[in-house]
Number of protein chains: 2
Amino acid sequence: MRHSLIASLLVLLPLGAGAVRAEDALRDQAKPLFEPIPKTAPALPDNPSSPEKLALGKMLYFEPRLSESRSFACSTCHNLSMGGVDGGALSSGNAQLAGREVQTVFNAVFNKSQYWDGRASDLKDQVVNSVMANPKAMLKTRGGPMAINPTELAATKQREIDQLKQMPGYADAFKKAFPNDADPLVYDNIGRAIAVFEATLITPDAPFDRWLTGDDAALDDTQKAGLKLFIDKGCASCHNGVNVGGASYAKFGVVASPGPEHLPAEDAGRYAVTKANADRYVFKVPSLRNVELTAPYFHTGSTFDLKKAVNVMAESQLGAKLADDEATKIVAFLKTLTGKQPEIVLPILPPRDR
Amino acid sequence: MRHSLIASLLVLLPLGAGAVRAEDALRDQAKPLFEPIPKTAPALPDNPSSPEKLALGKMLYFEPRLSESRSFACSTCHNLSMGGVDGGALSSGNAQLAGREVQTVFNAVFNKSQYWDGRASDLKDQVVNSVMANPKAMLKTRGGPMAINPTELAATKQREIDQLKQMPGYADAFKKAFPNDADPLVYDNIGRAIAVFEATLITPDAPFDRWLTGDDAALDDTQKAGLKLFIDKGCASCHNGVNVGGASYAKFGVVASPGPEHLPAEDAGRYAVTKANADRYVFKVPSLRNVELTAPYFHTGSTFDLKKAVNVMAESQLGAKLADDEATKIVAFLKTLTGKQPEIVLPILPPRDR
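What counts, and where the lines are drawn
Residues numbered from 1 in each chain as written. Chains lettered and ligands numbered in written order. Predicted model: local features only at pLDDT ≥ 70, side-chain atom pairs only at ≥ 80, totals over all residues. Heavy atoms only, no water. 1 Å grid on protein atoms, 1.4 Å probe; cavity = no way out; pocket = protein on both sides within 12 Å on 5 of 7 lines; lining within 4 Å. Points joined across faces, edges and corners; volume = space filled by probe spheres on them. Helix = DSSP H or I, 4+ residues; strand = E, 2+ residues; numbered from the N terminus. Phe/Tyr/Trp six-rings, centres within 6.5 Å; stacked < 30°, edge-to-face > 60°. Buried < 20%, exposed > 50% of the residue type's maximum accessible area, 1.4 Å probe, protein only. Lys NZ or Arg CZ within 6 Å of the ring centre and 35° of its normal. Expected span 1.5 Å × (residues − 1). Contact = heavy atoms within 4.5 Å. Polar contact = N/O pair within 3.5 Å; in protein donor to acceptor, adjacent residues only side chain to side chain. UniProt positions renumbered as here; feature names shortened; annotations may be inferred. pLDDT = per-residue confidence, 0-100. Least-squares fit on C-alpha atoms with pLDDT ≥ 70 in both. Core = buried A, V, L, I, M, F, W, Y, C linked by side-chain atoms within 4.5 Å. Buried area = accessible area lost by both parts, 1.4 Å probe. Salt bridge = Lys/Arg side-chain N within 4 Å of Asp/Glu carboxyl O. Nonpolar A, V, L, I, M, F, W, Y, C, P; charged D, E, K, R; others polar.

Participant: Before we move on, could you go through empty space enclosed by the protein and cite the residues and values that matter?
Facilitator: A full pass over the atoms with the stated rule returns 6 cavities of 30 Å³ or more. Here the second largest cavity defines a volume of roughly 490 Å³. Forming the boundary of the second largest cavity are 32 residues, of which Ser75 and Thr76 of chain A together with Ser75, Thr76 and Asn79 of chain B lie nearest the centre. Secondary structure elements with two or more residues in the lining of the second largest cavity: α4 (74–77) of chain A together with α4 (74–77) of chain B.

Have a look at this one:
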């Protein structure tokens, strides 16, 4: 006992008073900027969770028969095995899914809005918008799943419900999930249930979060140096908060254009939503949580190289040319944003009878 | 204690000596024909399992980046949430995936051969054949994933390996799964690992299996009557063994053609494999395990209605016209073949770096 106490003291000694103060100073600098991912799913306004609603939401998230082709589920592009993204399927030449790079569903509940252009205000809106988007709409539009022609809207909503009714098992699952609804199997309840499931897709316990809450050893010196650079260079002026991003909009190319490879002229970003000239080439600042798992990067998915992405951002957003070891350190820090991935047991989906 | 003993005796009384004998007689009739699904995964010849190989096989089973488009994993069409099939995506008008109806991966390890035409001798061959099939090949051929042109074979194998090497995490996973191989990341090891995972996808404890092994109450009277009809009418002459099918080949339309809806002239089945005239319109007898989960039915996926499928089979294979209540009872029996679905925790897949 005494022996191990002495050993512990010896381990503490090399830190010294000065080193401890540096650690504290960095944490003092970081704490007002960032926030750890909570350990439990947040509640959604006006959409209380229940075990039954959660179970239904998970089923629907994995339900390919919600799509027009009956082949694509939420989980196809927001793959829970792959950081909540499609790993670049879109950007690697799959002509069918032209659009913007898929954004991760993990921790999306903490974002200010959904999609690269923020056109959905919350998870439920995003779901409703995406379920609507049939593959034909995706073929024709840049920007991922889009709200379809309003004249088609009612018909499409009804088609979704009709498809679900081909699986009689869903009638019971909706009834249990929405016990107070006279007619629970309605379009908006698809979005409500999936949103409740998606709110559970959070990744706590990243090394950075453990460090932020007091575990000095959770980051090594290179990673801490990277964090300091991330703050001092100005990255954290946009990439901050619980999601290290996701909380604001910013023009891509605020100092210098990153060039058409990363920012093609035809996709003006949030301008398509607001029609305000100030929103040309403005995008939602993406979350950097689990960024090492969510390549390729940018709304164009134009690079798989995280260090290159960091350099492009430094030049285009901050007008800074990073030294090679600075970029390396920032990348080392970014990899500490990888949290515990949710453990997902596949749901069993009801059979279709027609 | 004594009270509950008396209660038990009272419950047993109504069965009577005669009823017990009828139960035993049916079981005596069934036992030589069928076999329960074992509770644990069978060993594969020349492909021993290990936790590491199983883990790798599961990763690869869920790996969409094995496909040319990086969008289709084994799990896309052999969906483990949906009885190991795609629930009819193919047969409901998805022009991209023309071919035969998807066969379930569940209990496939017990089949004599794989595919509707038996062109793969085991799971590993099926995997190797399917991984090869790029979406272009699937577009052009009837019959599902086909072995591609031999002159392209080497290039395609190499492309698979190159794609996997874009995810550096796989190097380590292959090394652990194949510790004795000098170069473990080779094409055939993809098939070996996935086959080991697929061998675990078995569905024990179906009501029928519990009844077969002595639990009288596992089937109700209608289901038992259905089993008796299933045997007496001749269904079990092909649909027998551990998989209630999957053990032999048979001509579809042996007594009368089921018509072009179910048996289109252009798909001659096993003839394409053997070129023997006797194999025209011969198919592997499909397993009926979990049949209530694997609609639509037939190699054409031409109906979602299990009762209709039973009637078509009776007429075309046995020359029998079933009374409505006979078909109903057989369907009731078939639903007792649904076993415990495997509980699958999604694997975490390594990120891609280029």
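We are not done yet, so read on.
Participant: Before we move on, can you summarise the packing of aromatic side chains with the specific residues and values?
Facilitator: Taken as a whole and judged by the stated rule, the model has 22 aromatic pairs over all chains. With a centroid separation of 6.3 Å and an interplanar angle of 65°, the aromatic rings of Tyr170 of chain B and Phe174 of chain B are classed as edge-to-face. Here Tyr170 of chain B and its partner Phe174 of chain B are both found in helix α8 (residues 169–177), 4 residues apart, which amounts to about one turn of the helix. Across this residue pair, the class does not change: Tyr170 of chain B and Phe174 of chain B are buried. Joined through ring pairs, the aromatic side chains of Phe34, Phe208, Trp211, Phe230 and Phe333 of chain A make up one cluster. The residue whose ring lies beneath Arg119 of chain B is Tyr115 of chain B, and the NZ or CZ to ring-centre distance is 3.7 Å. Between Arg280 of chain B and the ring centre of Tyr271 of chain B, over which it is positioned, the NZ or CZ distance is 3.9 Å.

Participant: A description of helix α13 (residues 306–318) of chain B should follow, citing residues and the corresponding values.
Facilitator: Residue and element names in this part refer to chain B. For α13, with 13 residues, the first-to-last C-alpha span of 17 Å sits near the 18 Å given by 1.5 Å per residue. Listed in full, the buried residues belonging to α13 are Leu306, Ala309, Val310, Val312, Ala314, Ser316 and Gln317. Close packing links the buried residues of α13 with β1 (249–251) and α14 (324–334). Two or three places before Lys307, at the opening of α13, Asp305 has a side-chain oxygen 3.0 Å from that residue's backbone nitrogen. Following α13 by one or two positions, Gly319 adopts a phi angle in the positive range, close to 65°.

Participant: Describe the UniProt feature "binding site: heme c 2" (unreviewed entry) in chain A, with residues and values.
Facilitator: Residue and element names in this part refer to chain A. Within the UniProt annotation, "binding site: heme c 2" (unreviewed entry) is assigned to Cys235, Cys238, His239 and Met313. Annotated residues spanning 79 residues; largest pairwise C-alpha distance 11.4 Å, indicating a single compact cluster. According to the relative accessible area criterion, Cys238 is partly exposed, its value standing at 29%. Beyond its immediate stretch of four places on either side in the chain, Cys238 contacts Gly245, Ser248, Ala250 and Val285. In this fold, His239 is placed in the loop between α11 (221–232) and β1 (249–251).

Participant: Describe the confidence of the model for chain A, and please don't skip the residues or the numbers.
Facilitator: Residues and elements named next belong to chain A. For chain A, the mean per-residue pLDDT works out to 87, and 85% of the residues sit at or above 70. Predicted confidence is poor over residues 5–13, with pLDDT under 50, and the contacts of this stretch with residues over four places away or in other chains come to 0 contacts. Within the model, the stretch residues 91–98 combines pLDDT values under 50 with 18 contacts to residues more than four positions away or in other chains.

Participant: Please set out unusual backbone geometry residue by residue, giving values where relevant.
Facilitator: The linkage connecting Ala295 of chain A with the following residue, Pro296 of chain A, adopts the cis geometry, with an omega of 0°. Take Pro296 of chain A: it is sitting in the loop between β2 (282–284) and α13 (306–318). A positive phi angle, close to 50°, is found at Val244 of chain B, a residue other than glycine. Examined against the element boundaries, Val244 of chain B turns out to sit in the loop between α11 (221–232) and β1.

Participant: Could you give an account of the UniProt feature "binding site: heme c 1" (unreviewed entry) in chain A, with specific residues and numbers?
Facilitator: Residue and element names in this part refer to chain A. Mapped onto the present numbering, the UniProt feature "binding site: heme c 1" (unreviewed entry) falls on Cys74, Cys77 and His78. Put simply, the named residues that line the second largest cavity are Cys77. Mapped onto the elements, Cys74 comes out in helix α4. Within the element layout of this structure, His78 appears in the loop between α4 and α5 (123–132). Those residues in contact with His78 that lie beyond four places of it in its chain are Tyr61, Gly84, Val85, Val102, Gln103, Thr104, Val105 and Gln126.

Participant: Please provide a residue-by-residue account of the relation of the copies chain A and chain B, values included.
Facilitator: With an RMSD of 0.0 Å, the fit of chain A onto chain B corresponds to turning through 180° and sliding 0.0 Å along the axis. Look at the turn and shift together and you get a two-fold axis relating the two. Every residue of chain A has its C-alpha some distance from the rotation axis, and the shortest such distance is that of Val345 of chain A, at 2.1 Å. Interface overlap between copies: 100% of the residues of chain A at the interface are likewise at the interface in chain B, consistent with a symmetric, same-surface contact.

Participant: Please provide a residue-by-residue account of the nonpolar core, values included.
Facilitator: Counting residues in each nonpolar core, the largest one holds 62 residues, and the members touching the most others are Leu60 and Leu80 of chain A together with Leu60 and Leu80 of chain B. Setting aside residues no more than four positions away along its own chain, Leu60 of chain A makes contact with Leu66, Cys74, Leu164, Tyr170, Phe174, Ile190, Ala193 and Ile194 of chain A.

Participant: Quick one: what's the story with the interface of chain A and chain B, residue by residue and with numbers?
Facilitator: Listed as interface residues are 33 residues of chain A and, on the opposing side, 33 residues of chain B. The three residues of chain A that bury the most area against chain B are Ser81, Phe304 and Leu346 of chain A, which together make up 21% of that side's buried surface. Taken together, the links from chain A to chain B amount to 0 salt bridges. Taken together, the connections running from chain A to chain B amount to 8 residue pairs in polar contact (both at pLDDT 80 or more). Here the residues of the side of chain A that touches chain B sort into 15 nonpolar, 10 polar and 8 charged.

Participant: So what's going on with the layout of surface pockets? Residues and values would help.
Facilitator: All names here are of chain B. Within this model, the second largest pocket holds a volume of roughly 790 Å³. Lining of the second largest pocket is provided by 42 residues; of these, His239, Pro286, Leu288, Phe298 and Met313 occupy positions nearest its centre. Examining the composition of the lining of the second largest pocket, we find that 7 residues originate from one element, α13, more than from any other. Residue composition of the lining of the second largest pocket, by class: 27 nonpolar, 11 polar and 4 charged.

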